[in-house]
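Residues per chain are reported as follows:
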Amino acid sequence: IDDPIITPNVNLFIADCYNYYGNNPNFLDNGFANCEAVQRGGGDIFGIRNPDNQPSGNYRATNGGKIKNSGFDYALAWTTDAPGGVFSLQWLLQYTIEAKQSDGEGLPTIDYAGTIAYFGADLGQSFPEWKWNLTGAYSWRDFLFDGRIRWIDSMDNRAAVQYPGETSLTGVGSATYVDIGTSWTFATNYTLRLGINNLFDEDPQEYAPNVQSGTDPSLYDIVGRRYHFSFRATF
């Protein structure tokens, strides 16, 4: 997508000012556009003024930059007769080849594939290279037993690719969640279901900087092990 409607990431302007992308090798403070946008006070950065000279940090969505994403989704299903019933497997796989974005003129095109997002414009935009769900089910008479494994690949910190050369910005390891459940259908029209999500009480991956509470709640399970019960009647 050329010239998408995008809200620029203010962290990239700071990085450009400090020559992370090779555009300001002499570290000019005055005269270099993305340094003039940095507002300082008391020896610290307290805001970024956008190109339209709006108040600091108030970046409006504009047409600019570029987005280029690619990858593939793969689904495999298998069903077979089993002793007394039917057994089935379903595997859903997602692979991100590239997730490139440029936030505007003069800013680099960065590939965010395999990175986890943090606060700001990247909120909820984590892109693990690999992610898959494996679901198995066995039906026997009026009963159904099922389980699911959810796996999320390890990722680098998004800030590490925005600030190349920095070594303190650690990423996250892979995460695995296991869910199980069973259903009983009786009297034709009634179904009773019991289940446990996050069976092994897997903690969410923590990192800094982060989206919220030390992790990305849009990607990881932040509740922990939980039990559910439902009853369904059809008429």
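Here the structure is shown first, and the text comes after it.
Residues numbered from 1 in each chain as written. Predicted model: local features only at pLDDT ≥ 70, side-chain atom pairs only at ≥ 80, totals over all residues. Heavy atoms only, no water.

## Topic: the pairing of strand S3 (residues 44-48)
Going by this rule: Strand pairing is assigned whenever DSSP identifies at least 2 bridges connecting the two strands. Here a strand is any run of E in DSSP of at least two residues, a helix any run of H or I of at least four, and the numbering for each starts at the N terminus.
Of the pairings in the sheet, the one linking strand S2 (residues 38-41) to S3 comprises four bridges and is antiparallel in character. Note on S3: the bridge partner recorded for Gly41 is Asp44. The antiparallel hairpin formed by S2 and S3 contains two residues in its connecting segment, where Gly42 sits at a positive phi of about 65 degrees.

## Details of the state of the cysteines
Disulfides are covalent bonds that link the sulfur atoms of two cysteine residues. Where we set the bar: Throughout, disulfides are identified as pairs of cysteine sulfur atoms within 2.5 Å of each other. To sort residues, take the accessible area from a 1.4 Å probe on protein chains only and compare it with the maximum for the residue type: under 20% means buried, over 50% means exposed, and anything in between is partly exposed.
Tallied over the entire structure, the rule returns one disulfide. One disulfide in the model links Cys17 with Cys35; its S-S distance is 2.1 Å. Every disulfide takes its handedness from the sign of the S-S torsion; for Cys17 and Cys35 that torsion is 100 degrees, giving right-handed. Of this pair, Cys17 sits in helix H1 (residues 10-17) while Cys35 sits in helix H2 (residues 33-36), placing them 18 residues apart in sequence. Exposure remark for Cys35: the relative accessible area of 3% places this residue in the buried category.

## A short note on the packing of aromatic side chains
We apply this condition: In summary, the pairing rule links any two rings of Phe, Tyr or Trp, Trp by its six-membered ring, whose centres are within 6.5 Å, and it sorts them by plane angle into stacked for under 30 degrees, edge-to-face for over 60 and tilted for everything else.
Evaluated as defined, the whole model comprises 14 aromatic pairs. Judged by centre distance (5.5 Å) and plane angle (50 degrees), the rings of Phe72 and Tyr95 are tilted. Residue Phe72 is found in strand S5 (residues 66-82), and its partner Tyr95 is found in strand S6 (residues 85-102); the two are separated by 23 residues along the sequence. In this structure Phe72 comes out as partly exposed when scored by relative accessible area, which is 36%.

In short, the description is geometric, and any link to function would need to be established separately.
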